[in-house]
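What follows is the residue order along each chain.
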Amino acid sequence: MPVYVTKTKLKTEEFVEKALAYFGDGGLGLEIVEQSDCCVRFKGGGGHVDVYAELREDKTEIRIETREWDNQVKRFFEKL
């Protein structure tokens, strides 16, 4: 199960909103399994996408674990 990590200047809540728009109903259509201010878990298409955001110093560290959605996660990171 691949894990992708990056950092962004977005606030944690802003990043979670972007993840919801990209992977959720308005985007790829994955089902939201769990959601909080810092995390969101999606499932669908025989796999999952687990998004975690944590403020570290002046940037937000993003970690995404996935199965079957690697290419879409890479494209999502490119759009940040």
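Right above here is the structure, for reference.
Below: a short report on this structure. (Residues numbered from 1 in each chain as written. Predicted model: local features only at pLDDT ≥ 70, side-chain atom pairs only at ≥ 80, totals over all residues. Heavy atoms only, no water.)

## Structural notes on helix H1 (residues 12–23)
Working step 1: For H1, with 12 residues, the first-to-last C-alpha span of 16 Å sits near the 16 Å given by 1.5 Å per residue.
Working step 2: Buried within H1 are the following residues: Thr12, Phe15, Val16, Ala19, Leu20, Tyr22 and Phe23.
Working step 3: Where H1 is buried, its residues contact strand S2 (31–35), strand S3 (39–44), strand S4 (47–56), strand S5 (59–67) and helix H2 (70–79). (Helix = DSSP H or I, 4+ residues; strand = E, 2+ residues; numbered from the N terminus. Expected span 1.5 Å × (residues − 1). Buried < 20%, exposed > 50% of the residue type's maximum accessible area, 1.4 Å probe, protein only. Contact = heavy atoms within 4.5 Å.)

## Considering the side chain of threonine 66
Working step 1: Mapped onto the fold, threonine 66 is located in strand S5.
Working step 2: Polar contacts involving the side chain of threonine 66 include one to the main-chain carbonyl oxygen of histidine 48, which spans 2.9 Å.
Working step 3: A distance of 3.5 Å separates a polar atom in the side chain of threonine 66 from the backbone nitrogen of tryptophan 69.
Working step 4: Those residues in contact with threonine 66 that sit more than four places away from it in its chain are Met1, Pro2, Tyr4, His48, Val49 and Val73. (Polar contact = N/O pair within 3.5 Å; in protein donor to acceptor, adjacent residues only side chain to side chain.)

## A few points about the pattern of salt bridges
Working step 1: Taken as a whole, this structure holds 5 salt bridges when the rule is applied.
Working step 2: Between aspartate 50 and arginine 41 there is a salt bridge, and its shortest N-O distance comes to 3.3 Å.
Working step 3: Residue class for arginine 41 comes out partly exposed when judged on its relative accessible area of 33%.
Working step 4: The partner of arginine 63 in a salt bridge is glutamate 65, with the nearest N and O atoms 2.5 Å apart.
Working step 5: Judged by its relative accessible area of 32%, arginine 63 falls in the partly exposed class.
Working step 6: On the basis of relative accessibility, which here comes to 17%, the residue glutamate 65 falls in the buried class.
Working step 7: Taken together, the salt bridges that share partners define one network made up of Glu34, Arg41 and Asp50. (Salt bridge = Lys/Arg side-chain N within 4 Å of Asp/Glu carboxyl O.)

## A short note on the nonpolar core
Working step 1: Among the nonpolar cores identified, the biggest contains 19 residues, and Phe23, Phe42, Val49, Val51, Ile64 and Phe76 are the most heavily contacted of them.
Working step 2: Among the secondary structure elements, those contributing two or more residues to this core are H1, S3, S4, S5 and H2.
Working step 3: The biggest single contributor to this core is H1, with 6 residues.
Working step 4: Those residues within four positions of valine 51 in sequence are excluded, and the remaining contacts are Phe15, Ala19, Cys38, Cys39, Val40, Phe42, Arg63 and Ile64. (Core = buried A, V, L, I, M, F, W, Y, C linked by side-chain atoms within 4.5 Å.)

## Looking at H2
Working step 1: When H2 is considered as a whole, its buried residues turn out to be Gln72, Val73, Phe76 and Phe77. Viewed end-on, H2 has its buried residues packed into an arc of 140°, placing them on one side of the element. (Arc of directions from axis to C-beta.)

## Overview of the sheet that holds S4
Working step 1: One open sheet accounts for 5 strands, arranged S1-S5-S4-S3-S2; its pairing is antiparallel. The open sheet has two edge strands, strand S1 (3–8) and S2, and neither has a second partner. Strand-to-strand twist in this sheet, taken as the mean axis angle between neighbours without regard to direction, amounts to 20°. (Pairing = 2+ DSSP bridges. Axes fitted to C-alpha atoms, helices over the stretch in contact; angles between N-to-C directions.)

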